[in-house]
Amino acid sequence: TNAYYELLDAMKERGCPLCCLLEMFTERYIDNLLYENVNDTNLRTKLVTSGGFCKEHSQKILRFGYKGYALGISILYKDLVDTFIRDLNRGSLTPNRSCIICEATKNLEDRLIEELIKDIKEYEFYQAYRNSSGLCMTHLSRVLSLSKDKETKDIFLEISALKLKEISDQLSEFIRKQDYRFREETIGTEGDSWIRAIEILKLR
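Q: Even after reading the chapter, I still don't get helix α8 (residues 150-177), so can you show me in this structure?
A: Side chains that are three or four residues apart share a direction in an α-helix, a result of its 3.6 residues per turn. The end-to-end C-alpha distance of α8 is 40 Å, a good match for the 40 Å that 28 residues give at a rise of 1.5 Å each. What α8 keeps buried is the set Thr152, Ile155, Phe156, Ile159, Ser160, Lys163, Ile167, Gln170 and Lys177. In this fold, the buried residues of α8 make contact with α5 (100-119), α6 (123-130), α7 (137-146) and α9 (193-201). The opening residue of α8, the one whose side-chain oxygen lies 3.3 Å from the backbone nitrogen of Glu151, is Asp149.

Now the structure itself:
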């Protein structure tokens, strides 16, 4: 399937392969939304019904505005603003609902996790995953909760423990080299270990 090969490609990149694919998907989704779909009446109705975008995706849309998408954003938000004016004039405000980008991303995330669990025992896939950065703790937690058998869980647990041990050792080395006695030593791969620690331990 496409998900299989997308995961294989993502495992060649730095960081959690699921986070990598979801970030790429979100960027494409917003790009298509603002460039091609602002006049899609069904989508605009769905957006109005949803009540808008979550905080995270609002910030991403804002960044697109600075990249030349201000017109598309204005068209979508005119509908949203007018809907909120109507609600306020009626003396009510509908509680927060579900961001359409969150929904689309969650659907993809579910499919990717299902594919990852299904294929992890396949040799090529296993080797690619073992050589990757591994999953962030948020996605590892989801994978473990959805894995049906102990062998599958053990694969993910073992590889994640190895990745964290590697980062821990490199953090120790980076910290050591900050000591004035060792400052003449060259900084190697441990130089960005603190960045990788942040990436792998991030929570939702």
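Anyway, onward from the coordinates.
Q: I would appreciate a short explanation of the packing of aromatic side chains in the present structure.
A: Any two aromatic rings considered together are summarised by their centre-to-centre distance and by the angle between their planes. Under the counting rule described, the total for this entry stands at 6 aromatic pairs. Residues Phe25 and Tyr29 carry aromatic rings whose centres are separated by 5.9 Å and whose planes lie at 45° to one another, so their mutual orientation is tilted. A residue pair is termed a helical-turn pair when its members lie 3 or 4 positions apart in one helix, as Phe25 and Tyr29 do in helix α2 (residues 17-35) at 4 residues. Relative to Tyr69, the ring of Phe64 lies with its centre 5.3 Å away and its plane at 75°, an arrangement referred to as edge-to-face. Tyr69 gets classed as buried once you look at its relative accessible area, which sits at 17%. A network of ring pairs unites the aromatic residues Tyr4, Tyr5 and Phe125 as a single cluster. Between the NZ or CZ atom of Lys67 and the centre of the ring of Phe64, over which it lies, the distance is 4.4 Å.

Q: Just to check I follow, could you spell out α6 for this structure?
A: Among all positions in α6, only Phe125, Tyr126 and Tyr129 are buried. Considered in projection along α6, the buried side chains sweep an arc of 100° and stay on one side of the axis. Where α6 is buried, its residues meet α1 (2-10), α5 and α8.

Q: Help me understand the layout of surface pockets in this model?
A: Taken as a whole, the second largest pocket spans an internal volume of roughly 240 Å³. Looking at the second largest pocket, it is lined by 19 residues, and the ones nearest its centre are Gly15, Ser133, Gly134, Ile167 and Arg196. Elements represented by at least two residues in the lining of the second largest pocket include exactly α8 and α9. Residue composition of the lining of the second largest pocket, by class: 6 nonpolar, 5 polar and 8 charged.

Q: In this structure, what is going on with the nonpolar core? I would like to understand it.
A: Proteins that are soluble and globular tend to have nonpolar side chains buried together. By size, the foremost hydrophobic cluster in this structure holds 31 residues, and its most contacted members are Leu7, Leu18, Leu112, Leu116, Phe125, Leu135 and Phe156. Of all the elements in the fold, those that place two or more residues in this core are α1, α2, α5, α6, α7 and α8. Beyond its immediate stretch of four places on either side in the chain, Phe125 contacts Tyr4, Leu7, Leu8, Met11, Leu116, Asp119 and Ile120. Ile30, Ile61, Phe64 and Cys99 belong to the second largest nonpolar core, which has 16 residues in total.

Q: When you look at the packing of α6 against α8 in this model, what are you seeing that I'm missing?
A: One way to put it is that α6 packs onto α8 with a least axis distance of 11 Å and a crossing angle of 25°. The angle between the axes of α6 and α8 places the two elements in the roughly parallel class. Where α6 abuts α8, its residues Tyr126, Tyr129 and Arg130 lie against Ile155, Phe156, Glu158, Ile159, Ser160, Leu162 and Lys163. Looking at the contact of α6 with α8 residue by residue, the classes come out as 6 nonpolar, 1 polar and 3 charged.

Q: So what exactly am I meant to see when it comes to the pattern of salt bridges here?
A: Pairing of side chains with opposite charge becomes possible as their charged atoms draw close. On inspection of all chains with the given rule, the structure shows 22 salt bridges. For the salt bridge of Glu23 with Lys60, the shortest nitrogen-to-oxygen distance reads 2.8 Å. Placement of Glu23 in helix α2 and of Lys60 in helix α4 (residues 55-89) is noted, with a sequence separation of 37 residues between them. Given a relative accessible area of 6%, Lys60 falls into the buried group. Residue Lys121 is joined to Glu151 by a salt bridge in which the shortest nitrogen-to-oxygen separation is 3.4 Å. Of the two residues, Lys121 sits in the loop between α5 and α6 while Glu151 sits in helix α8, which places them 30 residues apart along the sequence. With relative accessibility at 44%, the residue Lys121 sits in the partly exposed group. Where salt bridges share partners, they join Arg14, Asp192, Arg196 and Glu199 into one cluster.

Definitions and limits used
- Residues numbered from 1 in each chain as written.
- Predicted model: local features only at pLDDT ≥ 70, side-chain atom pairs only at ≥ 80, totals over all residues.
- Heavy atoms only, no water.
- Helix = DSSP H or I, 4+ residues; strand = E, 2+ residues; numbered from the N terminus.
- Expected span 1.5 Å × (residues − 1).
- Buried < 20%, exposed > 50% of the residue type's maximum accessible area, 1.4 Å probe, protein only.
- Contact = heavy atoms within 4.5 Å.
- Polar contact = N/O pair within 3.5 Å; in protein donor to acceptor, adjacent residues only side chain to side chain.
- Phe/Tyr/Trp six-rings, centres within 6.5 Å; stacked < 30°, edge-to-face > 60°.
- Lys NZ or Arg CZ within 6 Å of the ring centre and 35° of its normal.
- Arc of directions from axis to C-beta.
- 1 Å grid on protein atoms, 1.4 Å probe; cavity = no way out; pocket = protein on both sides within 12 Å on 5 of 7 lines; lining within 4 Å.
- Points joined across faces, edges and corners; volume = space filled by probe spheres on them.
- Nonpolar A, V, L, I, M, F, W, Y, C, P; charged D, E, K, R; others polar.
- Core = buried A, V, L, I, M, F, W, Y, C linked by side-chain atoms within 4.5 Å.
- Axes fitted to C-alpha atoms, helices over the stretch in contact; angles between N-to-C directions.
- Parallel < 35°, antiparallel > 145°, perpendicular 65-115°, else oblique.
- Salt bridge = Lys/Arg side-chain N within 4 Å of Asp/Glu carboxyl O.

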